[in-house]
Amino acid sequence: NAGVTQTPKFRILKIGQSMTLQCTQDMNHNYMYWYRQDPGMGLKLIYYSVGAGITDKGEVPNGYNVSRSTTEDFPLRLELAAPSQTSVYFCASSPPGIPYNEQFFGPGTRLTVL
Amino acid sequence: AQTVTQSQPEMSVQEAETVTLSCTYDTSENNYYLFWYKQPPSRQMILVIRQEAYKQQNATENRFSVNFQKAAKSFSLKISDSQLGDTAMYFCAFMFSGGGADGLTFGKGTHLIIQP
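Residues numbered from 1 in each chain as written. Chains lettered and ligands numbered in written order. Predicted model: local features only at pLDDT ≥ 70, side-chain atom pairs only at ≥ 80, totals over all residues. Heavy atoms only, no water.

Engineer: Hey, could you run me through the interface of chain B and chain A in this one?
Structural biologist: Put simply, an interface is often sized by how much accessible area is lost when its parts join up. Each partner contributes residues to the interface: chain B has 22 residues there, and chain A has 28 residues. Scanning the region where chain B abuts chain A turns up five residue pairs in polar contact (both at pLDDT 80 or more). Secondary structure elements with two or more residues in the side of chain B that touches chain A: β5 (32-39), β6 (46-52) and β10 (88-96) of chain B. Per-element accounting of the side of chain B that touches chain A gives the leading share, four residues, to β5(B). Residues of the side of chain B that touches chain A, tallied by class, amount to 10 nonpolar, eight polar and four charged. (Contact = heavy atoms within 4.5 Å. Polar contact = N/O pair within 3.5 Å; in protein donor to acceptor, adjacent residues only side chain to side chain. Helix = DSSP H or I, 4+ residues; strand = E, 2+ residues; numbered from the N terminus. Nonpolar A, V, L, I, M, F, W, Y, C, P; charged D, E, K, R; others polar.)

Engineer: Please explain the state of the cysteines as it appears in this structure.
Structural biologist: Two cysteines, two sulfur atoms, one covalent bond between them: this is a disulfide. Tallying each qualifying case throughout the model produces two disulfides over all chains. Bridging A:Cys23 to A:Cys91, the disulfide has an S-S length of 1.8 Å. In this structure the cystine formed by A:Cys23 and A:Cys91 twists about its S-S bond by roughly -70 degrees; its chirality is therefore left-handed. Taken together, the residues span a long stretch of sequence, with A:Cys23 in strand β3 (residues 19-25) and A:Cys91 in strand β9 (residues 87-94) at a distance of 68 residues. On the accessibility criterion, A:Cys91 (0% relative accessible area) is buried. Each sulfur in the disulfide pair B:Cys23 and B:Cys92 lies 2.0 Å from the other. Judged by the sign of its S-S torsion, about -70 degrees, the cystine formed by B:Cys23 and B:Cys92 is left-handed. Here B:Cys23, found in the loop between β3 (19-21) and β4 (24-26), pairs with B:Cys92, found in strand β10; they are 69 residues apart in sequence, far enough to count as distant. By relative accessible area, which is 2% here, B:Cys23 ends up buried. (Disulfide = S-S within 2.5 Å. Buried < 20%, exposed > 50% of the residue type's maximum accessible area, 1.4 Å probe, protein only.)

Engineer: Hey, could you run me through the nonpolar core in this one?
Structural biologist: General note: in soluble globular proteins, nonpolar side chains tend to be found buried as a group. Among the nonpolar cores identified, the biggest contains 26 residues, and B:Leu21, B:Tyr25, B:Trp36, B:Phe75, B:Leu77, B:Tyr90 and B:Leu112 are the most heavily contacted of them. Where this core is concerned, the elements lending two or more residues are β2 (10-14), β3, β5, β6, β8 (64-69), β9 (74-79), β10 and β12 (110-115) of chain B. No other element matches β10(B), which puts four residues into this core. Once you skip the residues sitting within four places of it in the chain, B:Tyr25 turns out to touch B:Thr3, B:Val4, B:Tyr32, B:Leu34, B:Phe68, B:Gln69, B:Lys70, B:Lys73, B:Ser74, B:Phe75 and B:Phe94. Counting residues in each nonpolar core, the second largest holds 20 residues, with A:Tyr31, A:Val88, A:Phe105 and B:Phe91 among its members. (Core = buried A, V, L, I, M, F, W, Y, C linked by side-chain atoms within 4.5 Å.)

Engineer: What should I look at first to understand the packing of aromatic side chains in this one?
Structural biologist: Two measures describe an aromatic ring pair: the distance that separates the ring centres and the angle between the ring planes. A full pass over the atoms with the stated rule returns 16 aromatic pairs over all chains. On the numbers, 5.9 Å between centres and 85 degrees between planes, the contact of A:Tyr35 with B:Phe106 is edge-to-face. Pair noted here: A:Tyr35 is in strand β4 (residues 31-37) and B:Phe106 is in strand β11 (residues 105-106), and the two residues belong to different chains. In this pair, the class of A:Tyr35 matches that of B:Phe106, namely buried. Here B:Tyr37 and B:Phe106 contribute two aromatic rings whose centre-to-centre distance is 5.8 Å and whose plane-to-plane angle is 55 degrees, an arrangement assigned as tilted. With B:Tyr37 in strand β5 and B:Phe106 in strand β11, the pair connects residues that are 69 residues apart, well separated along the chain. Per residue, the accessibility class of B:Tyr37 equals that of B:Phe106, and both read buried. A network of ring pairs unites the aromatic residues A:Tyr33, A:Tyr35, A:Phe90, A:Phe105, B:Tyr33, B:Phe35, B:Tyr37, B:Phe91 and B:Phe106 as a single cluster. A:Arg68 extends its terminal NZ or CZ atom over the ring of A:Phe74, reaching a point 5.9 Å from the ring centre. (Phe/Tyr/Trp six-rings, centres within 6.5 Å; stacked < 30°, edge-to-face > 60°. Lys NZ or Arg CZ within 6 Å of the ring centre and 35° of its normal.)

Here it is in structure tokens:
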């Protein structure tokens, strides 16, 4: 049971390039999330998904796209990378339920846009 | 929209001392959850403790406990008998109690340093 895995761990992009950050979880969790963490700040929600085929915007979705074709995978796409997207990106997953179920975080991807 | 405020950018204490990290939040909701996450230099986000807003009893996990004051919208974390391994960024976070789909709202964090 690997939990939440993210690839790559580090990446440097040039302005205007595009890339996909991969996120996979093997816990059969319905809910998945993408956050970004800027230097000296807390995490901010980019997009989330409550199940395959269903995604929704979070607090800071501009410049990103997501898809959820399977329960396991939740890739984050950056189109036309900008320096403002330099950040650490975290993927997380959780099973649904009330009361709250813990979010499990991946190790993060450090992205630099130059 | 809810906001989470951590007013202490950095704190430093001696090993074995007790330290309290502050957090305040603003929301119009009545049902929600509050969390403290630890982020060591490895970057991994680790859940330390959580509190359901409908519970009056403060949550406790071993050396970690919270002081939850719902009316004051305050949620502080107390670490007793601090250890060198407690050195990390600590984030306070908020979530509506809708099953987790809305994601977490984080504060800016407090950098806690435990001195030997």
